[in-house]
Amino acid sequence: MDLKDHIRGIPDFPKPGILFYDIAPLLADAAAWQETVKRLADAVRPYKPDVLVGIESRGFLVAAPLALALGVGFVMVRKRGKLPGDKVTHSYDLEYGTDTIEIQSDAVKPGQRVVVLDDLLATGGTMAAAVKLLRQVGADVQAAAFLVELTFLDGRERIDVPCEVLMSYDS
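Note that this is a predicted model, so its numbers are computed, not measured.

In this structure, glutamate 149 sits in strand β8 (residues 140–150). A polar atom in the side chain of glutamate 149 sits 2.8 Å from the side chain of arginine 156. If we skip the residues at most four places from it in the chain, glutamate 149 touches Leu121, Arg156, Val165, Met167, Ser168 and Tyr169.

In structure tokens, the structure reads:
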């Protein structure tokens, strides 16, 4: 099955000149989504994660069912102000400004093997920040995994762990 058949390109979203890679058709097709989770499980299993971490918000859609398939826990990395309780934060630079992500301070135990997931790898800034945040709480970050990579943006160069990707777009 060619999973790219289930990714929709939407031009000029969220602003003119951007081609948005929409995973909604992939999520809506049961057979394609099951195949996606199977392929991700095959890619992530060799890292022997104790827990999977999803980055808000589409990373949750990827990491949660994969964690269930692998029989491991699922943890959320969220934007500032979205998590209750004690949190650890990490701020990072964007093209125009900064952003902050958070994790609950007890969500990952020191030394736990972690794989971090998101739907799409573009410039790599958010994933690089999530890896740093997880290391702040003592996680042993083994890899990052994505459904889609936009290779022309060189995002994996900013990420210092192996990257697993199901689909790549070169332009």
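Okay, the sheet that holds β8 next. Across a sheet, strands are paired by hydrogen bonds formed along the backbone, either parallel or antiparallel in direction. With mixed pairing, seven strands are arranged side by side in an open sheet as β5-β6-β4-β3-β7-β8-β9. Looking at strand neighbours, the two that pair on one side only are β5 (87–94) and β9 (163–169), the edges of this open sheet. Direction aside, neighbouring strands of the sheet carry axes that sit 20° apart on average. As paired elements, strand β7 (residues 113–121) and β8 share eight bridges and run parallel to each other. From the neighbouring strand, valine 114 faces β8, where its bridge partner is valine 141. The strands touched by helix α2 (residues 30–44) within the sheet are β3 (51–55), β7, β8 and β9, with β8 carrying the most contacts at an inclination of about 145°.

Contact geometry of α2 with helix α3 (residues 58–70) gives a least axis separation of 10 Å together with a crossing angle of 70°. By the angle class used here, α2 and α3 are roughly perpendicular. As α2 packs across α3, the resulting crossing turns out to be right-handed. When α2 is examined against α3, the residues Trp33, Val37, Leu40, Ala41 and Val44 are found in contact with a partner set consisting of Leu61, Val62, Pro65, Leu66, Ala69 and Leu70. Grouping the constituent residues of the contact of α2 with α3 by class yields eleven nonpolar, no polar and no charged.

The rules behind the values
- Residues numbered from 1 in each chain as written.
- Predicted model: local features only at pLDDT ≥ 70, side-chain atom pairs only at ≥ 80, totals over all residues.
- Heavy atoms only, no water.
- Helix = DSSP H or I, 4+ residues; strand = E, 2+ residues; numbered from the N terminus.
- Polar contact = N/O pair within 3.5 Å; in protein donor to acceptor, adjacent residues only side chain to side chain.
- Contact = heavy atoms within 4.5 Å.
- Pairing = 2+ DSSP bridges.
- Axes fitted to C-alpha atoms, helices over the stretch in contact; angles between N-to-C directions.
- Parallel < 35°, antiparallel > 145°, perpendicular 65-115°, else oblique.
- Left-handed = near helix turned anticlockwise from the far one by under 90°.
- Nonpolar A, V, L, I, M, F, W, Y, C, P; charged D, E, K, R; others polar.

The quantities given are spatial measurements derived from coordinates; they are silent on function.
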